[in-house]
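A look at the structure
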Amino acid sequence: MASLFSRLGDLFERAVANLKVLDQALNGLEGSYVELLTVLALGLLAVIPVIVPERHRQRYRLANQLFGIAIFIFVIYTCLGVFGMIRNFHRGLSEIGRENIVALYYCSVPATILVTSMIFGPTFCGWICPTGALQELIGRIFGRWHRGRKRCGHPFSWKLLAMALAVTAIFLGWMAYLSATRVFFVEDASIYWSEVLVILLLVLVWRMGAWDARLRRLRVLSFAIIVAAAIASLRITSPVHFGFNKVYDPASVLATVMVALAALVVPHVWCRYLCPWREAIAWAAKHSARRLATDPAKCTHCGKCADVCGVDAVADGKVDPRECHMCLKCVDNCPTKAIALKEDWKPMP
Amino acid sequence: MYSVSSVVCLISVVAVGAEATDWPSFRNGPANAAACRWSPTTPDEAVREWSFRGRPGTRYRPGVTAWASPALTVVAGRPMAFIGGFDQTMHALDLLSKEERWAKITGGPIAESPAVGLVDGEAVVFWGSADRHVYACYADSRGAGDGRKLWSPRELIPATSTMSEAQLSAPLLHRGTLYISCFAYDRAMGRSEQQGWLVALDMQTGRELWRRAAAPGMLSSPTGAEVDGRFTVFLAARRGLLQAFDVSGSAPRPLWHYQMPHEVLGSPAIDADPASPRVFLGSKFGNLIALDARTGKELWKRMAGNWIDNSACVGEVNGVRAVFAGSHDYNLWAFRASDGQVLWKRPLGGEVYSAPAYFRGGEGRGAGDGKEEDDGGEDSDSASPPAPRPSPQSLLAVAALDNHLYVLEADTGRVVTSYFTGKPMWDKVAKGEVLWGSPAALEAGSETALVHGSFNGEVYVMPLDGECGLRTKVQSAATLWWGLAVTAALFVGVVLPAVLWGTRARSPQRARRGAEDASSKVRR
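Predicted model, so just to flag it, every value in this text is computed and none were measured.

1. Quick look at the overall build of chain A
Along chain A, the regular secondary structure elements total 16 helices and 5 strands. Look at the contacts in chain A between residues 6 or more apart in sequence, and 78% of them connect residues 24 or more apart.

2. What about a nonpolar patch on the surface?
Taken together, the side chains of Met1(A), Leu4(A), Phe5(A), Leu8(A) and Leu11(A) define a hydrophobic patch exposed on the protein surface, amounting to about 580 Å² of accessible area. On the basis of relative accessible area, Met1(A) is assigned to the exposed category, the value being 69%.

3. Regarding the sheet that holds strand β4 (residues 78-84) of chain B
Residue and element names in this part refer to chain B. The strand order across the open sheet formed by 4 strands is β3-β4-β5-β6, and the pairing between neighbours is antiparallel. Looking at the sheet topology across the chains shown, the edges are occupied by β3 (71-75) and β6 (99-105). The sheet shows a mean angle of 20° between the axes of neighbouring strands, taken without regard to direction. Judged from the 5 bridges that link them, β3 and β4 form a sheet pairing that is antiparallel. Its bridge partner lying in β4, Thr73 is registered against Met80.

4. Description of the pairing of strand β18 (residues 241-246) of chain B
Residue and element names in this part refer to chain B. Extensive coverage of β18 is indicated by the burial of 6 of its 6 residues. Burial of the side chains of β18 extends over both faces: Leu241, Gln243 and Phe245 are buried on one face and Leu242, Ala244 and Asp246 on the other. Between the end of strand β17 (residues 230-236) and the start of β18, which pair antiparallel, lie 4 residues, with Gly240 showing a positive phi angle near 105°. Relative to strand β19 (residues 253-259), β18 is paired through 6 bridges, and the arrangement is antiparallel. Bridge pairing in β19 places Leu241 opposite Gln259. Hairpin connection between β18 and β19: a loop of 6 residues separates the two successive antiparallel strands.

5. Points about unusual backbone geometry
Leaving glycine out, the prevailing phi sign among residues is negative, and the prevailing peptide bond configuration is trans. Even without being a glycine, Leu328(A) presents a positive backbone phi close to 70°. A residue is classified by how much of its surface remains accessible, and Leu328(A), at 3% relative accessible area, is buried. One non-glycine residue, Tyr330(B), lies in the positive phi region at around 80°. Within the element layout of this structure, Tyr330(B) appears in the loop between β25 (320-326) and β26 (331-336).

6. With respect to the nonpolar core
In terms of nonpolar packing, the biggest core is built from 84 residues, with Leu215(A), Tyr273(A), Leu274(A), Trp277(A) and Leu292(A) touching the most fellow members. Ranked by residue count, the leading element in this core is helix α10 (residues 190-215) of chain A, at 14 residues. Taken domain by domain, this core gets at least three of its residues from each of domain 1 (143-280) and domain 2 (289-349) of chain A. Ignoring anything within four residues of it in the chain, the contact list for Tyr273(A) reads Leu200(A), Leu204(A), Met208(A), Asp212(A), Leu215(A), Arg216(A), Leu218(A), Arg219(A) and Val266(A). Core analysis: the next-biggest nonpolar cluster, separate from the first, contains 65 residues, Phe359(B), Ala397(B), Met425(B) and Leu442(B) among them.

7. Considerations on the packing of helix α8 (residues 143-151) of chain A against helix α9 (residues 158-181) of chain A
A pair of packed helices is captured by two measures, namely the crossing angle of their axes and the spacing between those axes. Residue and element names in this part refer to chain A. One way to put it is that α8 packs onto α9 with a least axis distance of 12 Å and a crossing angle of 125°. Accordingly, the angle class assigned to the pair α8 and α9 is oblique. α9 is crossed by α8, and the crossing has left-handed handedness. Contacts between α8 and α9 involve Trp145, His146 and Arg149 from the first element and Lys159, Leu160 and Met163 from the second. Looking at the contact of α8 with α9, its residues break down into 3 nonpolar, 1 polar and 2 charged.

8. A short note on the side chain of Arg336(B)
Residues and elements named next belong to chain B. Mapped onto the elements, Arg336 comes out in strand β26. Taking the relative accessible area as the measure of exposure, Arg336 reaches 18% and is therefore buried. Side chain to side chain, Arg336 and Asp339 meet in a polar contact 2.7 Å long.

9. Some words on the confidence of the model for chain A
Per-residue confidence for chain A gives a mean pLDDT of 83; residues scoring 70 or more make up 85%. Of all secondary-structure elements in chain A, the lowest mean pLDDT belongs to strand β1 (residues 184-185) of chain A, at 68, while helix α13 (residues 269-273) of chain A reaches the highest, 93.

10. Here we look at the packing of aromatic side chains
All names here are of chain B. Going through the model one piece at a time under the given rule, you end up with 20 aromatic pairs over all chains. When the centroid spacing of 5.3 Å and the interplanar angle of 10° are considered together, the rings of Trp127 and Tyr135 count as stacked. This pair shows no difference in class: Trp127 is buried, exactly as Tyr135 is. A cation over a ring is seen here: Arg211 above Trp197, with NZ or CZ 5.5 Å from the ring centre. Lys284 extends its terminal NZ or CZ atom over the ring of Trp307, reaching a point 4.4 Å from the ring centre.

11. As for helix α5 (residues 100-120) of chain A
The sharpest bend along α5(A) comes to roughly 50°, located at Ser108(A), with the proline Pro110(A) sitting one to four residues further on. Immediately downstream of α5(A), the backbone of Gly121(A) shows phi near 90°, a positive value.

12. Notes on the sheet that holds strand β32 (residues 440-443) of chain B
Residue and element names in this part refer to chain B. Read across the sheet, 5 strands follow the order β1-β32-β33-β34-β2 without closing on themselves; strand pairing throughout is mixed. Only two strands of the sheet have a single neighbouring strand rather than two, namely β1 (35-37) and β2 (50-53). The sheet shows a mean angle of 15° between the axes of neighbouring strands, taken without regard to direction. When β1 meets β32, the two strands line up parallel, connected through 3 bridges. Counted as the bridge partner of Arg37 is Glu443 from β32.

13. Quick look at the environment of Leu209(B)
Residues and elements named next belong to chain B. Take Leu209: it is sitting in strand β15 (residues 208-216). Residue classification places Leu209 among the partly exposed residues on the basis of a relative accessible area of 34%. Leave out the neighbours within four places in its chain, and Leu209 touches Thr177, Ala200, Leu201 and Asp202.

Rules of the game
Residues numbered from 1 in each chain as written. Chains lettered and ligands numbered in written order. Predicted model: local features only at pLDDT ≥ 70, side-chain atom pairs only at ≥ 80, totals over all residues. Heavy atoms only, no water. Helix = DSSP H or I, 4+ residues; strand = E, 2+ residues; numbered from the N terminus. Contact = heavy atoms within 4.5 Å. Patch = residues over 30% accessible without salt bridge, like charges linked within 9 Å, V, L, I, M, F, W, Y side chains within 5 Å. Areas by Shrake-Rupley, 256 points an atom, 1.4 Å probe, with all protein chains shown as cover. Salt bridge = Lys/Arg side-chain N within 4 Å of Asp/Glu carboxyl O. Buried < 20%, exposed > 50% of the residue type's maximum accessible area, 1.4 Å probe, protein only. Pairing = 2+ DSSP bridges. Axes fitted to C-alpha atoms, helices over the stretch in contact; angles between N-to-C directions. Core = buried A, V, L, I, M, F, W, Y, C linked by side-chain atoms within 4.5 Å. Domains from an automatic or database assignment. Parallel < 35°, antiparallel > 145°, perpendicular 65-115°, else oblique. Left-handed = near helix turned anticlockwise from the far one by under 90°. Nonpolar A, V, L, I, M, F, W, Y, C, P; charged D, E, K, R; others polar. Polar contact = N/O pair within 3.5 Å; in protein donor to acceptor, adjacent residues only side chain to side chain. pLDDT = per-residue confidence, 0-100. Phe/Tyr/Trp six-rings, centres within 6.5 Å; stacked < 30°, edge-to-face > 60°. Lys NZ or Arg CZ within 6 Å of the ring centre and 35° of its normal. Bend = angle between axes of the 7 residues up to and from the residue.

Encoded structure:
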C-alpha cells in the first residue's frame, strides 16, 4: 500500500511538474514582456495545415480558422491587423541588435507568415488569416448565388447593385455618426480604405467580369502605401486592428464591418483587390516546395474546381499560384483527383 | 450668488498666478488644478519640447504604473518637474536646460505624485515609496547627484517577512505638517494587517506627530482645505468610504463620513468657496457626487456613462464655478458646481483616464490662431472660422486611452490641440486597476507647457503654443469629409484609370482561360 501511495505521489509530482511547460510559456523571455506562448501558438497555427489528414480536411481548415481568430485576438498582440503587421515588422527589424527579444516578438508574425509561405505555399491566407476567415464565413450566406454568377462571367445584377448601394449607405451613415460624435485623427486612415472598398464594389457591380484581373493590381499599390507609411513611422490602422488593440478604434471597427459587408457583395473582396499581405505572400510563395499541380490527362473540365474557389484562382482546371490561397477546396472537390498537392523537395547538392 | 464664487475663484486663480515655489498636494491644492505659474525673466527663457526616459521597464502586473503625476515648481527661478514611477526613482527635471538635476533611488516603485513645500525658506520635495518610507530632499540639490536629504527616510510601516509592497499616497503639506496615507497588506494569518492609516509627520524633522486608522484597504491621497477656519483633511478609501478629519488640533478629529456606491480610485476635489465649500468625488459606479464639505451631506450626484476613476478638478466656465471629470465613457464632463447641471461634455478618442489639469495659457499664439482646426464636436460650429480667443484663457488638459493628451477650452469643451503620447509599454494592461499619471501645466503665458508622464515610459514636456513634434492633427468634421471626397476623386480619376490602363490584363493567359471557361459554362 505504501508503495502504491508512493507511486501515486510520484505520478502526481510529475503531472504537476508538467504544468511548468505552460507556466514557462506564460513567462516573459529574458525578463521582457515577450511571452513564449505567442511564438508557440503562431508556430502551431502554421504547422496544422501541413499535418492534417486529407479526410475531412475542410473541417480541419474551418477549425483552424476559428482557432486562428481566437489565437490572434487573445494571444498574438503584435499582429495589429494587416497594416500593423507591416509596421511592426519594420519596428522589429529596427530593434535587431538593440532589443533582440523585442525584435523577435515583432518580427515573429510576419517572419512566420513569409517563411511558411516560402516553404509550404500561401497557407496563411487560406487557413489562418482572421480577415480572410471573416470574409469566407460571411460569404457563405450568398455563396451559392455568387457561384451561379461566376459561371455566367459576373454579369450586371440589380440585386447586386442594391446590395452595393446598401453598403455605401451604411458607410456614409456610420461616417456621419462618427464624425459627429468622435474625434478622428489623420492616422485613422482605415476609413479611406473603407471608402475605396465601397467605390470598388460599385465598379465591380458593373464590370467585374472584364476588370477583375486588372483591379487586382491595386494590391501592389496598397502594399506600397503601407510599406512607405511604416518606413515614415506613420500609424495607419487597418480592418480588424481594433481586435488586437487595447483602445477602442472606431475607424478600424468601421473598416472591419465594411470588409465583412463587402464580402457579401463580392466574395473575398478585400483579399482580391486591397490586401497588401496577399501580394507579399504571393511573392514569397512563388517558389514554394508545396504547390498545386493539374494532371491534364485526368481533367474532365467539369469546372467544379473553379466553382468552389472563393478567389477565382482556378480556371479550366489550372491554378493561378499568384491568386491561390491554398485552401485546397479544389483538390478536395476534384472528382478525378486531377488537381493534387505536389511536394517538390529538392535534395541538397 | 455668483459674485462670491467669482471672488473665490479669482483668489484661487491669483494664488496660482503668483510664481509658485511649492506644490502642497498631489494636484497642487484643493481644487486639483495641477498648474504652476512661472514668469520667464528673459525672452530667451522658453520651455522647449523634451522627453525624458527613466530606467528600463519592468514586467507588467496589475497595479503597476509607469509614471506618477508630476509636481511642478519654480526653484531658483527655473521651472522644475519632480516625478517618480516604476523605476523606483524620484527625478528632478530642469525644464529649461532639459536635463535631470538629480535622481534619488528608493526601494520600491513610486506610484503617487510628490509634494513640494518650503522648510526654512527652501523648497523640499516629499514623497512616499512602495518601500514603506517617506523621503525628503531639497529641491535645489545641485552638486548632490542623488538629492540633498532634509531628513533620513522615515519608515511608516514596520517591515515583516510576509508583507506586500506598501501603498503610500502623495503627501499633503500644510503649515509645517505633512499628511500622508499608507497601506500595506500583510498576508500572514497571525497578523492579517489590512488597515489603512492617515499619518502626520513634522515637515522639518520627519518626526511622527500622530497616526489614525482610517479604513481597511488602500487609501487615496489626502486633500485638504480650510473649512470654517479649520484645516480639514478629506480622504477616500478604495472601498468607497469618504472621510473628513479636522486636523487643526494635536490629534485628528473625525467630522463626517460618506459611503460611496462603488470602488473609488481617485481623491476628493474641493471647491473651497467660504460660503458653501463642497467636496467632489467620482467612483467606478460612474457617478460624481458633490457633498457639503462641512457636514458631508449629499448635495447632488450625476451619472456619467462609465467609470470616473480619477480625481475631478474645480475651475470656472464662463464665470460659473464648475467641476471637471473624465470618464471611461470617452467624455470629459463639465458640471456646474452648485447644482450639478451638465455645462458641456466633450467626447474624445478614448477612455479619459487622467485627472484634468485646469490652467490658463495660450496667449493667442498657435492654439488660437487657426493652425489647429475645430474638432467639429456637438458644442461647436465647425462651419464658422475659428473665433479670436481672449488671452490668456482657461484650458483643460486630460489624457485618454487612445494614447493622446488633449487640451480643451474650459468654457466650451472645444478641443484646442492634442498630442500623441505613446502606447503603453506593456502589450496588455488592465483598465481600472491603477491611476496612470495625469498631466500638469506650467503656466507661463505664451511659454505655457504641459508635463506628462506617459505610460509608454517617457516623460513629455510639450509646449502649448510652440513647435511640438508630438502634436497630432485632430480632424474637423469638414476636413474629414473633404479628405474622403479627395480620396474618392483620386481613386476614381487617377488610380482606377492607371490600374485599368491598357487592354492586356496582368495575366493574359489567365484572362483567356477565364473567358473560355465562362463560355464553356454558358454552353453547358
